[in-house]
Amino acid sequence: MKMFFHYNWMVREEWYRWCEEISEEELLKERTGGQGSILKTLFHIADVEWSWIRLLEGKDDFQEDFEKYNSLEKVRKLDAQFRPEVENFVANWDDSMEHRLLKTPGRDGTIDIDQWGEVMRHVIAHEIHHIGQLSVWARELGREPVSANLVGRGLPELNKNK
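A brief report on the enclosed structure follows. (Residues numbered from 1 in each chain as written. Predicted model: local features only at pLDDT ≥ 70, side-chain atom pairs only at ≥ 80, totals over all residues. Heavy atoms only, no water.)

## Things to note about the packing of aromatic side chains
In this description, a pair of aromatic rings is defined by centroid distance and the angle of the planes. In plain terms, the rule: Pairing of aromatic rings covers Phe, Tyr and Trp, the last counted by its six-membered ring, and requires centre-to-centre distances within 6.5 Å; plane angles under 30 degrees mean stacked, over 60 mean edge-to-face, and any other angle means tilted. Strands are runs of DSSP state E lasting at least two residues, helices are runs of H or I lasting at least four, and both sets are numbered from the N terminus onward. When accessible area is computed with a 1.4 Å probe and restricted to protein chains, residues below 20% of their type maximum are described as buried, those above 50% as exposed, and intermediate ones as partly exposed. Note on geometry: a ring has a charge over it if NZ (lysine) or CZ (arginine) is within 6 Å of the ring centre and within 35 degrees of the ring normal.
Under the criterion given, the structure shown has seven aromatic pairs. Centre to centre, the rings of Trp50 and Phe82 are 4.0 Å apart; their planes meet at 5 degrees, and the pair counts as stacked. Placement of the pair is Trp50 in helix α3 (residues 38–56) and Phe82 in helix α4 (residues 72–91), with a sequence separation of 32 residues. On the basis of relative accessible area, Trp50 is assigned to the buried category, the value being 6%. Relative to Trp116, the ring of Phe89 has its centre 5.9 Å away and its plane inclined at 45 degrees; by these criteria the two rings are tilted. With Phe89 in helix α4 and Trp116 in helix α5 (residues 116–140), this residue pair connects regions lying 27 residues apart in the sequence. Of the residues examined, Phe89 reaches a relative accessible area of 8% and is grouped as buried. Grouping aromatic residues by their ring pairs yields a cluster made of Phe43, Phe66 and Tyr69. In this arrangement the basic side chain of Arg100 is found over the ring face of Trp116, its NZ or CZ atom lying 5.0 Å from the centre.

## Some remarks on the nonpolar core
Operational definition: What makes a nonpolar core is a set of buried Ala, Val, Leu, Ile, Met, Phe, Trp, Tyr and Cys residues whose side-chain atoms join them at distances within 4.5 Å. Contacts are assigned to residue pairs that have any heavy atoms within 4.5 Å of one another.
In this structure, Trp15 and Leu42 are the most contacted members of the largest nonpolar core, which totals 42 residues. If we ignore the near neighbours within four places in the chain, the residues touching Leu42 are Arg12, Trp15, Tyr16, Cys19, Val75 and Leu134.

Written as structure tokens, this is what we have:
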């Protein structure tokens, strides 16, 4: 599981670099799917990852407002602010945490009960899902998307010592 978090962080950084070559107008342009724009989708990925980790840590979850972070520089800065807390949690993950329970209020007023391992895998899948949307938008712009290939990224070696 740790490998997939590292994979997502690598790919996200590559998307940030990809975005450096795109005008702010294109990054903010309203699109079909995802969160509605390239930049808003990248913001959403970082915000959701951090929010879930905070919930697992027993901390308050509060949603950041995209309007305060509507530039590539601001989204990257926010991600950099969130990342150490997320990285620390992931680095300290062990098998004993897999079946711990997270209780959160459901949308219908009931209490949702999820296992921590399931939540962690959701966070991973959530980002991969949105990265797919970014890839579609990249092709619509006539640009090559960031590679989604996990192979050849050196991840097994990176995670060997963790």
